[in-house]
Amino acid sequence: MTQVVACSSEVGVLGEGVRWDGRSDRLAWLDITSGVVREAALGPDGWLRTERTHTLDRPVGAVAPAGPDGWVAAAGRGFVHLAADGTSTDLAEAAVGQAGVRMNDGSCDRQGRFWAGTMAEDESPGRGALYRLELDGTVTTVLEGLTISNGIGWTADGRTMFLNDSGPGTIDAFVVDPASGDLGSRRTIATFGGDDGVPDGLVVDEEDTLWVAFYGGGAVRRLTPAGDVLLTVRFPVSQTTACAFGGADGATLFVSSALQGLDEGARVSEPDAGRVFRVEGSGGRAAPALPYLGPVAPG
Ligand code: BGC
Ligand code: CA
């Protein structure tokens, strides 16, 4: 039976970006607007205990492991390295000169490149893009004309890439060349909206099925690569934002949530909004977050 329980004592205004860190067996998660990255161990009581916190001077949309104990963050309008000792170093700009735009979700592919997208703070249609931090430290613009570039992931063979755009509510599948990262044909496998919420973060599990968090829908849905819904897991909060498998056996599904967008009534009826949840017995499993393998000093 699937069990959903709150597991963070802290609350995020825009709690987001859960990633299981296989180096330390910790969960990293974010509060995007406050620029906070937390690294937390899962205690024997099933609650997360924050062991390290990074506070950036800008919003942080996503992190990926880098080196033995650091991170690369998609933050502000570009990429930043976060060292374990608290130092942060700007690596590269992405959305150069784009006022009102910030980095949002991102993830690494198996080749170690970090793909991360952007959105306009006011969610203006078409102002988002998808960027790739390459293995030589340069940035490539991969796609333009997105609205809220969000969850991204790949099948195990690296030949299909999934990308959510929370503006139109779409989950797109792209043919991708794993070696070069070049994108081929694109098709929308599913579109959501209304009471279902919009697709936000995603993780692809070891069976190549997608687990997608629905912002405004209080749910995580498991979908086939063709876009068919296999399972809907419901949450006691409506702004579910991102998901990652982790824990000792990679089978605990961690799901972040946000307070953002809830009126006073909703804050009362959703007392756990903004916390991280853990889902046991979902039937999915995945490897820890893939690392960025390029240079982490500015080029
Ligand atoms: C963004 C939020 C946005 C939400 C739903 C998140 O990834 O960071 O600003 O409201 O997706 O669209
Ligand atoms: Ca997101």
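Trainee: Lay out empty space enclosed by the protein with the relevant residues and their values.
Mentor: Space left empty within the atom packing is revealed by a probe, the size of a water molecule, rolled over the atoms. In the structure shown here, the tally under the stated rule is one cavity of 30 Å³ or more. A volume near 50 Å³ is recorded for the largest cavity. Lining the largest cavity are D109, R110, Q111, R113, W154, G158, V176, D177 and P178. In the lining of the largest cavity, the residues fall into three nonpolar, two polar and four charged.

Trainee: Talk me through the nonpolar core; I want residue IDs and the actual numbers.
Mentor: Core analysis: the biggest nonpolar cluster contains 20 residues, and V72, A74, F79, F114 and L133 have the highest contact counts within it. If you list the elements that add at least two residues to this core, you get β6 (60-66), β7 (70-75), β9 (88-93), β10 (101-108), β11 (114-120) and β12 (128-133).

Trainee: Would you mind going over the coordination of the calcium ion (ligand 2) in detail, with residue names and values included?
Mentor: Binding of the calcium ion (ligand 2) to the protein goes through E16 (OE), E16 (OE), N150 (OD1) and D200 (OD), at separations of 2.2 to 3.1 Å. Of the residues examined, E16 reaches a relative accessible area of 3% and is grouped as buried. Among the residues examined, D200 registers a relative accessible area of 4% and is labelled buried.

Trainee: Residue-level account of the packing of aromatic side chains, with values.
Mentor: Considering all chains together, one arrives at six aromatic pairs under this definition. On the basis of an interplanar angle of 5 degrees and a centroid distance of 5.6 Å, the ring pair of W20 and F254 is categorised as stacked. In this pair, W20 sits in strand β2 (residues 15-21) while F254 sits in strand β23 (residues 252-257), placing the two residues 234 residues apart along the sequence. Both residues of the pair, W20 and F254, belong to the buried class.

Trainee: Residues and numbers for the pairing of strand β5 (residues 48-55), please.
Mentor: Where strand β4 (residues 36-42) meets β5, seven bridges bridge the pair, whose relative direction is antiparallel. Note on β5: the bridge partner recorded for E39 is R52. Connecting β4 to the antiparallel partner β5 that follows it, the hairpin turn spans five residues, and G46 within it adopts a positive phi of roughly 85 degrees.

Trainee: Explain the pattern of salt bridges to me, and be specific about the residues and the numbers.
Mentor: On inspection of all chains with the given rule, the structure shows 19 salt bridges. Note that R113 is salt-bridged to D109, the shortest N-O span being 2.8 Å. Considered together, R113 and D109 belong to a single accessibility category, that of buried residues. R186 serves as the salt-bridge partner of D172, at 2.8 Å between the closest nitrogen and oxygen. Here the residue D172 occupies a position in strand β16 (residues 170-176), and R186 occupies one in strand β17 (residues 183-191), the gap between them amounting to 14 residues. Look at D172 and you get buried, because its relative accessible area is 5%.

Cut-offs and rules
Residues numbered from 1 in each chain as written. Chains lettered and ligands numbered in written order. Predicted model: local features only at pLDDT ≥ 70, side-chain atom pairs only at ≥ 80, totals over all residues. Heavy atoms only, no water. 1 Å grid on protein atoms, 1.4 Å probe; cavity = no way out; pocket = protein on both sides within 12 Å on 5 of 7 lines; lining within 4 Å. Points joined across faces, edges and corners; volume = space filled by probe spheres on them. Nonpolar A, V, L, I, M, F, W, Y, C, P; charged D, E, K, R; others polar. Core = buried A, V, L, I, M, F, W, Y, C linked by side-chain atoms within 4.5 Å. Buried < 20%, exposed > 50% of the residue type's maximum accessible area, 1.4 Å probe, protein only. Helix = DSSP H or I, 4+ residues; strand = E, 2+ residues; numbered from the N terminus. Donors = N, O, S within 2.8 Å, 3.2 Å for Na, K, Ca; no water. Phe/Tyr/Trp six-rings, centres within 6.5 Å; stacked < 30°, edge-to-face > 60°. Pairing = 2+ DSSP bridges. Salt bridge = Lys/Arg side-chain N within 4 Å of Asp/Glu carboxyl O.

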